[in-house]
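Next come the chains, spelled out residue by residue.
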Amino acid sequence: GVLILGLNNIEPVFRLLGAEETTLQLIEQNMIIYYFGNIFLIVPMIGNSVLRASGDVKTPSYLMTSGALLNVVLDPIFIFGFGPVPAMGLEGAADATVLANALVGALSFGIIFFRDHLIRIKRKDWPMLWDSWQRILHVGIPSLASSLVAPMTTAFITWQVAQFGQEAVAGFGVASRVEGISLMAMMALSAAVTPFVGQNYGAKLYDRVAEGSGFAYRFSLIYGVCVAVIMLFASDSIAALFTDDATAIETASMHLGLVPWSYGFLGMSMVAVSSFNAVGKPTPGMLVSMSRTIGIYAPMAFLLAYLLQLQGVFLAAFLANIVAGLLGFF
């Protein structure tokens, strides 16, 4: 369904995001490959979650690291060509990513099936399988709704930024990439919180749940402040590593100088959402996620962009992260 919908809406979607004729062709070349390769992204994601839920947190980290390193190795080979592999340019970057995901996905499936024997196909297990599916969907559907809203909000924000020019979009893209790297520790923490909270809550060890959540909140705040301080002094230099356009660097620096001060609260909201999902109460988690995206971020970005121009969009992100973090904590 995603493949069909995506392939038929590449041009209108990216036009809405501010893409121009010069970039649409390149976007289409990449997105066609990405859409066909989506299944190879989903398999390792599910596999890593299964392994973490079974108490094995090391193997998923090894798999994710291996996938990233493999992508680093394959990218220059497919982009510039090497030996029998022809130079494919921008398409080569997409091919490298899909191939890396496919290899990691196959390895992840192999570990789950052959090493840990976590997949079993027997007729007598079907009633248990159906019960498991119902339990998963109880948590999964609200989580899916939150996950769908997030990229839609990002698309809306990109459209807002596009009003200030393609260079501003490029700068916002740089800031978003740096933000993704900066938040990896918090994403890892929220992923680890899920099995920890779920197992201890199921064992009625509520004090351990509270202690673990408290540690995760403190870590998020301290880590967020550390990242913000680094960005305060290094945002210009970091942005200059990605682009030499003055407007793009200014935009990225504007974002990285403000939004990271709210990363600690964003981490708190991520921990809260993971904890709610772990104990089978997805609705509060969905409310925390949606309060950040469609409750605060999108409407405030629309209003503040009118009042404060581009800086208003980033102020909206700052405020949304703080509100979601406090809501998740309380």
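Residues numbered from 1 in each chain as written. Predicted model: local features only at pLDDT ≥ 70, side-chain atom pairs only at ≥ 80, totals over all residues. Heavy atoms only, no water.

**Some words on unusual backbone geometry**
Here comes step 1: In this model, Lys204 sits at a positive phi of 65 degrees, which is unusual for a non-glycine residue.
Here comes step 2: For Lys204, the position within the fold is in the loop between helix 9 (184–202) and helix 10 (206–240).
Here comes step 3: At Gln309, a position not held by glycine, the phi torsion is positive, near 65 degrees.
Here comes step 4: For Gln309, the position within the fold is in the loop between helix 13 (282–308) and helix 14 (310–329). (Helix = DSSP H or I, 4+ residues; strand = E, 2+ residues; numbered from the N terminus.)

**Overview of the environment of Gly212**
Here comes step 1: With respect to the secondary-structure elements, Gly212 resides in helix 10.
Here comes step 2: You can call Gly212 buried: its relative accessible area is 19%.
Here comes step 3: Taking C-alpha positions, Gly212 is 32 Å from Ala298, a pair spaced 86 residues apart along the chain. (Buried < 20%, exposed > 50% of the residue type's maximum accessible area, 1.4 Å probe, protein only.)

**Some words on the pattern of salt bridges**
Where side chains of opposite charge bring their charged atoms close, a pairing between them can arise.
Here comes step 1: Scanning all chains against the criterion turns up three salt bridges.
Here comes step 2: With a shortest N-O distance of 2.8 Å, Arg115 and Asp56 are connected by a salt bridge. One end of the pair, Arg115, is in helix 6 (residues 90–115); the other, Asp56, is in the loop between helix 4 (38–53) and helix 5 (58–80), and 59 residues separate them in sequence.
Here comes step 3: Here the residues in one salt-bridge network are Asp56, Arg115 and Asp116, joined through shared partners. (Salt bridge = Lys/Arg side-chain N within 4 Å of Asp/Glu carboxyl O.)

**Some points on a nonpolar patch on the surface**
Here comes step 1: A cluster of nonpolar side chains, Ile39, Phe40, Leu41, Ile42, Val43, Met45, Ile46, Val50, Phe109, Leu118, Ile119 and Ile121, forms an exposed patch at the surface whose accessible area comes to about 1,100 Å².
Here comes step 2: For the nonpolar patch, the element with the most residues is helix 4, which contributes eight residues.
Here comes step 3: Take Ile119: it is sitting in the loop between helix 6 and helix 7 (126–162).
Here comes step 4: For Ile119, a relative accessible area of 32% corresponds to the partly exposed category. (Patch = residues over 30% accessible without salt bridge, like charges linked within 9 Å, V, L, I, M, F, W, Y side chains within 5 Å. Areas by Shrake-Rupley, 256 points an atom, 1.4 Å probe, with all protein chains shown as cover.)

**Structural notes on helix 7**
Here comes step 1: Look at helix 7: 51 Å from first C-alpha to last across 37 residues, which is about the 54 Å you get at 1.5 Å a residue.
Here comes step 2: When the local axis directions of helix 7 are compared, the greatest deviation, roughly 30 degrees, occurs at Leu137.
Here comes step 3: Turning to helix 7, its buried residues number three or more, namely Val139, Pro142, Ser146, Val149, Thr153, Ile157, Thr158, Gln160, Val161 and Ala162.
Here comes step 4: Lining the buried residues of helix 7 we find helix 8 (166–182), helix 12 (263–278), helix 13 and helix 14. (Expected span 1.5 Å × (residues − 1). Bend = angle between axes of the 7 residues up to and from the residue. Contact = heavy atoms within 4.5 Å.)

**Section: the confidence of the model for the protein**
Here comes step 1: Across the protein, pLDDT averages 88, with 99% of residues at or above 70.
Here comes step 2: Helix 2 (residues 10–16) is the least confidently modelled element of the protein, averaging 80 in pLDDT, while helix 14 averages 95, the highest of any element. (pLDDT = per-residue confidence, 0-100.)

**Concerning the side chain of Thr153**
Here comes step 1: As for its position among the elements, Thr153 is in helix 7.
Here comes step 2: The class of Thr153 is buried, set by a relative accessible area of 5%.
Here comes step 3: Beyond its immediate sequence surroundings of up to four residues, Thr153 is in contact with Thr293, Ile294, Tyr297 and Ala298.

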